[in-house]
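Structural description and commentary
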Amino acid sequence: MPTRSDARPLVVLPPLTAAAAAAVLAPPRLPAEVASVPLACRAAAGAIPVLLRAPAAGGRLLLARALHALAGREGSLVVATGRRPALERVPAGSALYLEVASLAPDGALVLEALLDDARVWVLAGADPGAVLPRPLGARLSAVVLAIPPLAARAAELPGLGRRLGIAPPRLAADALDRLAAHAWPGDVAELEAVLARALLLAGGVVEAAHLDLAAEPPAAVAAAPATAPGDAALEYLLAELAHELRNPLVTIKTFADHLPALLEDAELRARFATLTSEAIERMDGLLENVLAFARLGAPRREAVEVGPIMARVLAELEPELAGRAVRVRQAAAPTARCAADPAHLAYALRNLFAGVVREVPAREQLTLDATANGVLTLRFAAGAEAADRLRRLAAPGEAANLGDPTLLPLAFRLARAVLERNGGTLAVVPEAGDATSVVIRLPTTPAEGARA
């Protein structure tokens, strides 16, 4: 049982003005269809919790500050951080903001107690697709502000740009087209940074040439520290490994339990022997994949051509693709490059393609586009459930339910970890109909000192 010595301190935030809060909680900052803002403000009087379903980079904390300012609650807004915040120290009468999906089990229990007492108004933040600890998900469902990712709000980009407070940007048609085509892994925060820089460069009408959308991801992503024992990422990795091993072990155990009967039935014995052999091969491949991940080490980035690596990985996956009759359409520029460790990139693509192939229905088409430097896009048809699951797995700082095996595709998570080591990002973008795009972005020039 963890001690409270690892609890993070509480932070009291300065209040927003009523005018600033009203601007945050109205279009274009919020989509026009979000009608639960008045309900959320009224919830403060009865300490009824509010769940803010919005991307972290979309301004969840700012939404919480705005709600607190307009709700008229006398107490301060207190922010609790970390997986085990000191929730028992939150003063009665205050409002509490915390990232609910990342809470450790003991932190979730303390939060339940606060909800029972109703002396603190809870504003809980979570990514749109994050799975919440049970039974907190049900308890936080009375009032929900659901804000979709920026990638799904292309029509609102010009209006969101006017929220910068620098100057109302005038966007040329080519700039609008380029903004709409971008995946926005950094959501509103990325948009504000891109347009702020573009305004400084343009001095007037912003054109496509003024938009810097191919820059390396923020240093916090590129230089993420390796997982330490006890981190949530390690917990998820071990849970996924256990889940992936459990099914083949059940097959082997069933074979052993029925061995006496199988000795007398040659046909059944042969069928079970085949299943057991396949289960052992699956476990062997899984463990070899995890060992390969552990052996990668620190990346040594260099300029590499994406097309040949992509073709080699697809050739390795050809038996699985053929078995499910999945057609692959490739679009690759001969000179398309990125800056990455070639071995790391091959490993990440191999795992990513293997994970995505599971989500592509049989006899469907998978399109791979590597025509631009530093960008690789996988487009395929997927049901709403599969697309939502992939969005959760791609979301930074996601917290999946360890008891839900549908959210634990190990290959996908290992691929994302390796891409982030190389300064890359991974985003899942819904498109028209059942189409989904997985967008990989990597630096286009090696980082300073990467070869050292």
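Scanning the protein chain from N- to C-terminus turns up 17 helices and 15 strands. Here the protein chain holds 452 residues, and the buried ones make up 46% of them. Within the protein chain, contacts between residues separated by at least 24 positions form 74% of all contacts whose residues are at least 6 apart in sequence. As displayed, the protein chain has an accessible area near 21400 Å², and 58% of this comes from carbon and sulfur atoms.

Of all hydrophobic cores here, the largest spans 42 residues; its most connected members are Leu345, Leu352, Phe353, Leu378 and Ile440. Of all the elements, helix α15 (residues 342-359) adds the most residues to this core, at 10 residues. The residues contacting Leu378, other than those within four sequence positions of it, are Leu352, Phe353, Val356, Leu366, Thr367, Leu368, Thr436, Ser437, Val438 and Ile440. The next biggest cluster of nonpolar side chains, apart from the first, holds 27 residues, and it includes Val37, Cys41, Tyr97 and Val143.

This next bit is on the environment of Thr371. Turning to its location among the elements, Thr371 is positioned in strand β12 (residues 365-372). Sequence spacing of Thr371 and Gly307 is 64 residues, and the spatial spacing of their C-alpha atoms is 8.9 Å. Side-chain polar atoms of Thr371 contact the side chain of Asp369, separated by 2.7 Å.

Let us look at the sheet that holds strand β6 (residues 143-146). The six strands are arranged β1-β3-β4-β5-β2-β6 in an open sheet whose pairing can be described as mixed. Taken across any chain shown, the strands that pair with only one partner, and hence form the sheet edges, are β1 (10-13) and β6. Across the sheet, the mean angle from the axis of one strand to that of its neighbour is 25 degrees, orientation sign disregarded. Bridge analysis of strand β3 (residues 77-80) against strand β4 (residues 95-99) gives four bridges, and the strand direction is parallel.

Inspection of every chain in the model, using the stated rule, returns 10 salt bridges. One salt-bridge network, in which partners are shared between bridges, spans Arg60, Glu99 and Asp127.

With that settled, consider the pairing of strand β13 (residues 375-381). Sheet topology note: the β12/β13 ladder contains five bridges and is antiparallel. Within β13, the position partnered with Ala372 by the bridge is Val375. Hairpin geometry of β12 and β13 is characterised by an intervening segment of two residues between the two adjacent antiparallel strands and by a positive phi of about 80 degrees at Gly374. Relative to strand β15 (residues 435-441), β13 runs antiparallel, the two sharing seven bridges. By the bridge assignment for β15, Arg379 is matched with Ser437.

Attention now goes to helix α4 (residues 105-117). If you check α4, its first and last C-alpha atoms are 19 Å apart, about what 13 residues at 1.5 Å a residue would give, namely 18 Å. The set of residues buried in α4 consists of Asp106, Gly107, Ala108, Leu111, Glu112, Leu114 and Leu115. Against β4, β5 (121-126) and α5 (136-139) lie the buried residues of α4. Downstream of α4 by one or two residues, Ala118 has phi in the positive range, about 55 degrees.

This part covers the packing of aromatic side chains. Within this structure, the stated rule accounts for one aromatic pair. Ring centres 6.3 Å apart and planes at 40 degrees place the aromatic pair Phe293 and Tyr347 in the tilted group. Residue Phe293 is found in helix α12 (residues 266-295), and its partner Tyr347 is found in helix α15; the two are separated by 54 residues along the sequence. Here Phe293 matches Tyr347 in class, with each residue buried. For Arg421, the ring lying beneath its charged end belongs to Phe293, and the centroid distance is 4.7 Å.

Of note in this structure, Ala47 is not a glycine but carries a positive phi near 50 degrees. Under the relative-accessibility criterion, Ala47 is labelled buried at 10%. With phi around 50 degrees, Trp184 is a residue other than glycine that occupies positive phi space. Tracing the chain through its elements places Trp184 in the loop between α7 (173-181) and α8 (187-202). For Trp184, a relative accessible area of 4% translates into the label buried.

Tracing the backbone shows Asn351 in helix α15. Take Asn351: its relative accessible area is 4%, and that puts it in the buried class. The sequence separation of Asn351 and Asn289 amounts to 62 residues, and the corresponding C-alpha distance is 8.8 Å. Aside from chain neighbours lying at most four places away, what touches Asn351 is Asn289, Ala411, Phe412, Leu414 and Ala415.

Our focus in this paragraph is the confidence of the model for the protein chain. Here the protein chain averages 77 in pLDDT, while 75% of its residues score no lower than 70. Contacts of residues 1-5 to residues separated by more than four positions or lying in other chains number nine contacts, the stretch itself having pLDDT below 50. In this model residues 448-452 is a low-confidence stretch, pLDDT under 50, and it forms eight contacts with partners more than four residues away in sequence or in other chains.

The set of residues buried in helix α13 (residues 306-316) consists of Val306, Gly307, Ile309, Met310, Val313 and Leu314. Mapping the buried residues of α13 onto a view down its axis gives an arc of 165 degrees, with all of them on the same face.

Here the focus is the environment of Ala303. The residue Ala303 is located in strand β9 (residues 302-305) in this model. For Ala303, a relative accessible area of 40% corresponds to the partly exposed category.

How each quantity is defined
Residues numbered from 1 in each chain as written. Predicted model: local features only at pLDDT ≥ 70, side-chain atom pairs only at ≥ 80, totals over all residues. Heavy atoms only, no water. Helix = DSSP H or I, 4+ residues; strand = E, 2+ residues; numbered from the N terminus. Buried < 20%, exposed > 50% of the residue type's maximum accessible area, 1.4 Å probe, protein only. Contact = heavy atoms within 4.5 Å. Areas by Shrake-Rupley, 256 points an atom, 1.4 Å probe, with all protein chains shown as cover. Core = buried A, V, L, I, M, F, W, Y, C linked by side-chain atoms within 4.5 Å. Polar contact = N/O pair within 3.5 Å; in protein donor to acceptor, adjacent residues only side chain to side chain. Pairing = 2+ DSSP bridges. Axes fitted to C-alpha atoms, helices over the stretch in contact; angles between N-to-C directions. Salt bridge = Lys/Arg side-chain N within 4 Å of Asp/Glu carboxyl O. Expected span 1.5 Å × (residues − 1). Phe/Tyr/Trp six-rings, centres within 6.5 Å; stacked < 30°, edge-to-face > 60°. Lys NZ or Arg CZ within 6 Å of the ring centre and 35° of its normal. pLDDT = per-residue confidence, 0-100. Arc of directions from axis to C-beta.

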